[in-house]
Structure formats: structure tokens, C-alpha cells
Amino acid sequence: MTNTSSPLEALPTNIKRRLFGLKQLQAKHAELELEFHTEILNLEKKYLNLYSPLYTKRTQIINGKAEPSEEEVEAGKKADEDLAQELAKKQEEDPEVQPSGVPEFWLTVLKNHIQLADLITTRDEAPLKHLVDVRLVYSDDKLGFQIEFEFEENEWFTNQVLTKTYYYQPSAEVGDLISERSEGTEVSWKEGKDLSVTVETKKQRHKATNKTRVVKRTVPTETFFNFFAPIAEEENSSADEDEVDFSDRLEADFEIGEALKQKIIPHAIDWYTGKALQYEGFDLDDYEDFEDITDEDEEAEEVDDSEEEYGTSAPTNQPAPECKQQ
């Protein structure tokens, strides 16, 4: 039988009293911590107002609505000498082809972030080329933040702005603002352009008449735009399993939201050039060396490794050794 008693039970009474005193001090500390994190959130709101003119100018340059001055260009070169050296390399250009702004800026930014790149499928890239801005918004009356994805008119959906809102809840126990839930905009797909589903076609034969028919049905599929769907609890699993899975998915969702808020939006140019990957401990060249693999690829590699380890990869057309009995 397993002994489930706690070693704390054997402590003398006077030590137990001191532990409760220490716990009370910890609770007071947590209250102050909660005030600290709430003030940080308010400070973030204050500085977003100061950042806003910079973000507005950035959006104008990206979308070809404004050009940086010579003074701004020279200051930018001094701010990143490595980038200045890289961009100083001359390439042949067609004088008649002068793109406006910075094409595919936000698509490139998102693809250079590993977690977001995992969400982007090949089919998503075309609509994401129409992304003109990604910005942060705070609510005055709610604990949380919102990420707005603004698109120019496109052939996939009618929404001009897709939003993802993250809500915190104050926790006096841990002394922090913890994730509560997230909500996203429902994508208004144009007819035949819904990237969240695919159409499966099957042929069916009638048992009695032997006639055949073609049946089509839509099935959910992976797409970046599932990011805007709410993180919901599964209905067909046990309570414990569902709670753990929901918690994990919500945590992963908040990680992406925090990355957009704290890293991607403030430092978008560094994510575009790939320099931000160095901050994360990656190198862009190394990152591009990776390629997607399927479960079948992994299984095949495991079989190859097993054959190599146990010597089962030898030719199988050799005759089996004769079994001789004494």
C-alpha cells in the first residue's frame, strides 16, 4: 500500500504555526504582485499612444503611401549597420518595374515567426499578401488586448479587419494577470473561397439498381484563419482530458497573442529581415534549412533506423539457413 501521508504532518506544532505565518506573508506579496502587473498593463497602454505615430508612418511606408526622408534613411543605416551593408549590394533592376511600398511585408513577417509559420498553409499565402497592417489595441474597460489584422479588398473574404481579442483575469493567488479566454472575428468567406474547409468527392453505388452517384461533402481543414476561431472545450472527451487539452490550447493561443503584442508588432522590420530570429536564438539560414515532414516520413525514418540498428536491412532474397538438429 502506498503511503500518501505528507512529511509536513510530522512537523512540530510551533513550526506549523510559523509556516502559516510565512504563507500569510506570501499572500500579501501576491497582492502587491497583482498590483505590479496591473500597473505594467496600464503603462503599456500609455506607451502605445506614444508609439502610435511611429506605427502610422510605418504603415504608410509599407503600403506605398509615404516615403522616408533622406535624414530618416541615413538614421536607419546607422541604427543597423549590418542591414545597411547587406542592402548596399547592387543588383540588376528593371527601371520600368518599381514596386510600391514593401510588397508582402506582413506575410514575410508572420512566416519568419516559427509559431505563426506553422499556422500558415500554402493556400493561405495568397490572401495574406493582402494584409496591410497588424496593430495592437487596448480596451479601456477590460483587462486584455486586441490584435487587428487589416486587409485590402480581396477575393477570399469581405472583412476589412479581422480581430483576435485576449482577456486576462486577475489572480490574487499567483499575483498575476492570467489568461482567461480569447475571441476572434468570424471570417465572412466569399462563395467558393472558404479556406477552412475542403470538398471531398466520393462515388457511391446503389446496391439494388447498381447505379452510381457522386457525393460531395465539406470537411474542416487547416488554415491560418482558424486562428480567429474561439478556443472551445471538446464535447466528446472525459472532463479531466478535456480540461487539460483546453488549457494547453489556450496557453498556446495566448503565447501567439503575446508574441504579436510584445515582439512582432513592435519589431516588425526585424522580423521581415530575419534579424529577430537571432534574438530568439535562431539564424534565418538555419531556419530555412528545415522542411516540413509528415507522420509517414517519420514512420519511414524510424523503420530505416530500426533496420540499421538490428541489421535487418540485408537483402531478403538470400536462402534461409538450414536448420540442423542434432
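Not measured: the values here are computed from a predicted model.

Moving on to the nonpolar core. Membership of the largest hydrophobic core comes to 44 residues, with the highest contact counts inside it found for Trp-106, Ile-147, Phe-149, Phe-224, Phe-225 and Leu-260. Counting residues per element, the ones that place at least two in this core are α1 (13–62), α4 (105–111), β1 (131–138), β2 (144–151), β3 (161–171), α7 (239–264), α8 (268–273) and α9 (276–279). Element by element, the count of residues in this core is highest for α7, at six residues. The residues touching Leu-260, leaving out its near neighbours within four places in the chain, are Leu-110, Leu-116, Ile-147, Phe-149, Phe-227, Ile-265 and Pro-266.

Among the eight residues in β1, six count as buried, and that is most of the element. Here β1 folds back onto β2 in antiparallel fashion, the turn holding five residues.

What follows covers the pattern of salt bridges. Applying the stated criterion across every chain yields a total of 15 salt bridges. The shortest N-O distance in the salt bridge between Asp-245 and Arg-249 comes to 2.9 Å. Placement of the pair is Asp-245 and Arg-249 together in helix α7, with a separation of four residues, close to one helical turn. Look at Asp-245 and you get partly exposed, because its relative accessible area is 31%.

In this section: the layout of surface pockets. A water-sized probe, rolled over the atoms, reveals where empty space remains. Of the volumes computed, that of the largest pocket is approximately 2,300 Å³. Considering the residues around the largest pocket, the lining is formed by 46 residues, among which Leu-83, Leu-87, Ile-269, Tyr-272 and Thr-273 are closest to the centre. Elements supplying a minimum of two residues to the lining of the largest pocket: α1, α2 (70–79), α3 (81–87), α8 and α10 (284–288). Tallying contributions element by element places α1 first for the lining of the largest pocket, with seven residues.

Our focus in this paragraph is the confidence of the model for the protein. Averaged over all residues, the pLDDT of the protein equals 84, while 82% of them reach at least 70. When the criterion is pLDDT under 50, residues 309–326 qualifies, and its contacts beyond four places in sequence or with other chains add up to three contacts.

Attention shifts here to a nonpolar patch on the surface. Taken together, the side chains of Leu-8, Ile-15, Leu-19, Leu-22 and Leu-25 define a hydrophobic patch exposed on the protein surface, amounting to about 460 Å² of accessible area. Along the chain, Leu-19 falls in helix α1.

For the rest of this paragraph, the subject is unusual backbone geometry. A positive phi angle, near 55°, is found at Glu-104, a position not held by glycine. Counting through the fold element by element, Glu-104 comes out in the loop between α3 and α4. On the basis of relative accessibility, which here comes to 37%, the residue Glu-104 falls in the partly exposed class.

Inspection of the secondary structure puts Asn-49 in helix α1. Take Asn-49: its relative accessible area is 57%, and that puts it in the exposed class. Here the alpha-carbon distance between Asn-49 and Val-137, two residues 88 residues apart in the chain, equals 9.8 Å.

All right, on to the packing of aromatic side chains then. Applying the stated criterion across every chain, the model contains 21 aromatic pairs. Look at Phe-149 and Phe-224: their rings are 6.2 Å apart centre to centre, the planes differ by 70°, and that puts the pair in the edge-to-face class. Here Phe-149 is found in strand β2, whereas its partner Phe-224 is found in the loop between β6 (212–220) and α7, with 75 residues between them in sequence. A relative accessible area of 1% places Phe-224 in the buried class. Their ring planes at 85° and their centres at 5.5 Å tell us that Trp-189 and Phe-225 sit as a pair that is edge-to-face. Residue Trp-189 is found in the loop between β4 (176–184) and β5 (197–205), and its partner Phe-225 is found in the loop between β6 and α7; the two are separated by 36 residues along the sequence. The ring of Phe-227 is capped by Lys-164, whose NZ or CZ atom sits 3.8 Å from the centre of that ring. Here Arg-181 stacks its cationic end above the ring of Tyr-167, 4.0 Å away from the centre of that ring.

Among the 11 residues that make up β3, eight are buried, leaving the element largely enclosed by the rest of the structure. Direction of pairing for β3 relative to β4: antiparallel, over a ladder of eight bridges. Note that in β4 the partner of Pro-170 across the bridge is Leu-177. In this antiparallel pair of consecutive strands, β3 and β4, the connection spans four residues, and Gly-175 shows a positive phi of 70°.

Topologically, Asp-80 is positioned in the loop between α2 and α3. There is a polar contact of 3.3 Å between the side chain of Asp-80 and the side chain of Lys-275. Excluding residues that lie within four positions of it along the chain, Asp-80 makes contacts with Asp-270 and Lys-275.

Rules and cut-offs
- Residues numbered from 1 in each chain as written.
- Predicted model: local features only at pLDDT ≥ 70, side-chain atom pairs only at ≥ 80, totals over all residues.
- Heavy atoms only, no water.
- Core = buried A, V, L, I, M, F, W, Y, C linked by side-chain atoms within 4.5 Å.
- Buried < 20%, exposed > 50% of the residue type's maximum accessible area, 1.4 Å probe, protein only.
- Helix = DSSP H or I, 4+ residues; strand = E, 2+ residues; numbered from the N terminus.
- Contact = heavy atoms within 4.5 Å.
- Pairing = 2+ DSSP bridges.
- Salt bridge = Lys/Arg side-chain N within 4 Å of Asp/Glu carboxyl O.
- 1 Å grid on protein atoms, 1.4 Å probe; cavity = no way out; pocket = protein on both sides within 12 Å on 5 of 7 lines; lining within 4 Å.
- Points joined across faces, edges and corners; volume = space filled by probe spheres on them.
- pLDDT = per-residue confidence, 0-100.
- Patch = residues over 30% accessible without salt bridge, like charges linked within 9 Å, V, L, I, M, F, W, Y side chains within 5 Å.
- Areas by Shrake-Rupley, 256 points an atom, 1.4 Å probe, with all protein chains shown as cover.
- Phe/Tyr/Trp six-rings, centres within 6.5 Å; stacked < 30°, edge-to-face > 60°.
- Lys NZ or Arg CZ within 6 Å of the ring centre and 35° of its normal.
- Polar contact = N/O pair within 3.5 Å; in protein donor to acceptor, adjacent residues only side chain to side chain.

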